[in-house]
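A structural walkthrough
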Amino acid sequence: MTLIVSDASPLHYLALIQEAHILPQLFGRVIIPQKVFDELQQPNTPGAVKAFAASLPSWLEIQTVTGPIDGSLLHLDRGEQEAITLAIEIQAETLLIDETKGRRAAKSHGLKTIGTLAILLDGAIAGFCDLEKSFDSLRQTNFRATEGLYQYFLGLYANRPKS
């Protein structure tokens, strides 16, 4: 089975826009470290995200990081540190992460990364969501992406090979 680890951001925003159902359809199971689970329940977290975390779906698994955090990751927040460390420990195929510094650090450790916009693109290509509606919903949140980035992904979707 493919091993996928997630940082908090993709889970947060997919739950917020009610598109988290895409994850098990694309990846089967997703693994998160304890700190990521904790971040999904912070006091300032939106209710939809807290509700998602309060009743974790069966496809989402919490695993404990067993080794120490690599010193090169200490400039990241604790959730990103643990997500990258866990992905390395379990030899995950992919790390779901949005933040640029975290993506760079993950790639420097040999990890493949994918972010929320690409997850939505892949979900739309597979027929699991409507990309434009999902992006419109995401724009109504505090998710940070330039309009150019949204348009880039919409262009990829529009120009995808049709079967």
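A short tour of the structure in this document, coming up. (Residues numbered from 1 in each chain as written. Predicted model: local features only at pLDDT ≥ 70, side-chain atom pairs only at ≥ 80, totals over all residues. Heavy atoms only, no water.)

Before going further, it helps to spend a moment on the packing of helix α8 (residues 131–139) against helix α9 (residues 147–158). Here α8 crosses α9 at 170 degrees, and the two axes come no closer than 11 Å. Comparing their axes, α9 and α8 come out roughly antiparallel. At the point where α8 passes α9, the crossing takes the right-handed sense. When α8 is examined against α9, the residues Leu131, Glu132, Phe135, Leu138 and Arg139 are found in contact with a partner set consisting of Glu147, Tyr150, Gln151, Phe153, Leu154 and Tyr157. Broken down by class, the residue content of the contact of α8 with α9 amounts to 7 nonpolar, 1 polar and 3 charged. (Axes fitted to C-alpha atoms, helices over the stretch in contact; angles between N-to-C directions. Helix = DSSP H or I, 4+ residues; strand = E, 2+ residues; numbered from the N terminus. Parallel < 35°, antiparallel > 145°, perpendicular 65-115°, else oblique. Left-handed = near helix turned anticlockwise from the far one by under 90°. Contact = heavy atoms within 4.5 Å. Nonpolar A, V, L, I, M, F, W, Y, C, P; charged D, E, K, R; others polar.)

Volume-wise, the largest pocket comes out at about 870 Å³. If you go around the largest pocket, you meet 29 residues; those closest to its centre are Ser9, Tyr13, Asp98, Glu99 and Phe143. Counting residues per element, the ones that place at least two in the lining of the largest pocket are α1 (8–16), α6 (100–108), α7 (116–125) and α9. Across the lining of the largest pocket, the residue classes break down as 10 nonpolar, 9 polar and 10 charged. (1 Å grid on protein atoms, 1.4 Å probe; cavity = no way out; pocket = protein on both sides within 12 Å on 5 of 7 lines; lining within 4 Å. Points joined across faces, edges and corners; volume = space filled by probe spheres on them.)

Further remarks concern the packing of aromatic side chains. Inspection of every chain in the model, using the stated rule, returns 4 aromatic pairs. Between the aromatic rings of Tyr152 and Phe153, the centroid separation amounts to 5.3 Å while the plane-to-plane angle is 80 degrees, which identifies the pairing as edge-to-face. Here Phe153 falls in the buried class, since its relative accessible area comes to 13%. A cation sits over an aromatic face here: Arg139 above Tyr150, 4.4 Å from the ring centre. Its guanidinium or amino end placed over the ring of Tyr157, Arg160 lies 3.8 Å from that ring's centre, counting from NZ or CZ. (Phe/Tyr/Trp six-rings, centres within 6.5 Å; stacked < 30°, edge-to-face > 60°. Buried < 20%, exposed > 50% of the residue type's maximum accessible area, 1.4 Å probe, protein only. Lys NZ or Arg CZ within 6 Å of the ring centre and 35° of its normal.)

Further remarks concern the pattern of salt bridges. Following the criterion strictly, the structure yields 4 salt bridges and no others. With a shortest N-O distance of 2.4 Å, Glu61 and Arg29 are connected by a salt bridge. Remark: Arg29 occurs in the loop between α2 (22–27) and β2 (30–33) and Glu61 occurs in strand β3 (residues 60–63); sequence separation between them is 32 residues. Take Glu61: its relative accessible area is 27%, and that puts it in the partly exposed class. On the basis of relative accessible area, Arg29 is assigned to the partly exposed category, the value being 24%. Salt-bridge contacts for Arg139 lead to Glu147; the nearest nitrogen and oxygen are separated by 2.9 Å. (Salt bridge = Lys/Arg side-chain N within 4 Å of Asp/Glu carboxyl O.)

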